[in-house]
Amino acid sequence: MEVPEESIEEVPAPEPESGPEREPESGPAPRPRRRGRTTLLIAVAAVLGVVAGTCTGFLVQANRAPDALPSLSQTTLVQAKGPAPEPLSAAQDREVKVDGDLRKLLLKRPSGARDADYTTGEDGWLDLAGYAEMYDRPANAFPELVADEFRRAAVANWREGSSLYVEIRLVQYRQQDQLVVADSASSAYTYAENKPHTDSWPIPGTGDGMAYVHNSPDREAGYTDVYNADAHAWRGDIEMEIWVSSGSPVPKKKIMDLAKRQMERL
């Protein structure tokens with residue numbers, strides 16, 4: 001007589017007698033568990049439910065009457081009474097001022113000052129090549145100035161007394177694709193601050209403009225020691241540079257006065 005498989009009880013295997021532990025027999029790694037049919041049916045039902053809901057929403061919206069759109073006309077604005085304001089003069093309109101002759105914005109030479117022993121630029125202008133020559137590495141500076149959308153530069157320089165020289169540059173950028181004036185001024189700050197034995201002060205009314213006095217002179221055999229000071233600031237699309245050199249230390253008052261008066265003209 002055959003016995004149904006369901007009625008056969010499994011008999012647990014007898015526990016091994018106490019003795020030395022045996023290493024488990026190695027066998028194949030368990031295979032990942034497959035996902036059953038129930039999970040698949042639930043996923044299919046969820047997708048069908050989303051599709052049915054979307055279709056129902058479209059049908060309900062299609063049967064609704066369209067809402068009236070608001071009028072495109074606006075309330076008529078009444079002009080204020082009184083005379084119309086006068087346009088700004090050229091002196092008050094900064095855009096007109098900075099798009100004109102940039103040389104007119106340069107600080108005027110003080111009374112008693114003389115021409116410097118060297119000429120910078122031509123007729124008060126510095127073109128792209130001439131301005132690149134002011135850098136330590138002109139060949140590298142030239143393409144960078146092109147990328148920075150250099151527009152033009154105006155320059156003035158003079159000599160005071162026996163050994164003090166002043167040079168002021170106003171450098172203007174187009175800034176059509178990028179804002180570079182602030183970054184250019186920031187690079188000048190970093191360069192000046194990295195010089196040893198340097199004192200610095202913020203220029204009032206300029207935001208982040210700075211003036212520097214370098215207390216260690218530049219020394220070269222056969223030449224007189226030269227002390228330097230410089231100031232850097234920017235406004236709009238114009239960067240200001242002031243360079244002072246002298247056979248004696250440059251006073252803080254000198255560089256600060258030049259910087260403040262030049263920025264007032266911008």
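Residues numbered from 1 in each chain as written. Predicted model: local features only at pLDDT ≥ 70, side-chain atom pairs only at ≥ 80, totals over all residues. Heavy atoms only, no water.

Visitor: Please clarify how the packing of aromatic side chains should be interpreted in this entry.
Guide: Working definition: an aromatic ring pair is given by the centre-to-centre distance plus the angle between the planes. Tallying each qualifying case throughout the model produces four aromatic pairs. When the ring of Tyr131 is compared with that of Tyr135, the centres are 5.5 Å apart and the planes differ by 90°; the resulting orientation is edge-to-face. Through a chain of ring-to-ring contacts, the aromatic side chains of Tyr131, Tyr135, Phe150 and Tyr173 assemble into a single cluster. (Phe/Tyr/Trp six-rings, centres within 6.5 Å; stacked < 30°, edge-to-face > 60°.)

Visitor: What is the right way to read the pattern of salt bridges from this model?
Guide: Side-chain pairing between opposite charges can occur once the charged atoms of the two side chains come close. Under the defined criterion, the tally for this structure stands at nine salt bridges. Put simply, Arg159 and Asp117 hold a salt bridge, and the shortest N to O gap is 3.3 Å. With Arg159 in strand 2 (residues 150–160) and Asp117 in the loop between helix 2 (94–99) and strand 1 (125–126), this residue pair connects regions lying 42 residues apart in the sequence. Between Arg261 and Asp257 there is a salt bridge, with its nearest N and O atoms 3.0 Å apart. Of this pair, Arg261 and Asp257 both sit in helix 6 (residues 252–264), four residues apart, which is roughly one turn of the helix. Using a relative accessible area of 35% as the deciding quantity, one classes Arg261 as partly exposed. Taking relative accessible area as the criterion, Asp257 reaches 32% and is therefore assigned partly exposed. (Salt bridge = Lys/Arg side-chain N within 4 Å of Asp/Glu carboxyl O. Helix = DSSP H or I, 4+ residues; strand = E, 2+ residues; numbered from the N terminus. Buried < 20%, exposed > 50% of the residue type's maximum accessible area, 1.4 Å probe, protein only.)

Visitor: Help me understand the nonpolar core, please; the structure alone is not making it clear to me.
Guide: Across soluble globular proteins, you tend to see nonpolar side chains buried next to one another. Core analysis: the biggest nonpolar cluster contains 30 residues, and Leu170, Ala231, Met240, Ile242, Val244 and Ile255 have the highest contact counts within it. Those elements that place two or more of their residues in this core are strand 2, strand 3 (164–173), strand 5 (210–218), strand 6 (226–235), strand 7 (238–246) and helix 6. For this core, the element with the most residues is helix 6, which contributes five residues. Apart from the residues within four sequence positions on either side, Ile255 is in contact with Ala211, Tyr212, Val213, Ala229, Asp230, Ala231, Ile242 and Val244. Core analysis: the next-biggest nonpolar cluster, separate from the first, contains twelve residues, Ala141, Leu145, Val171 and Val180 among them. (Core = buried A, V, L, I, M, F, W, Y, C linked by side-chain atoms within 4.5 Å. Contact = heavy atoms within 4.5 Å.)

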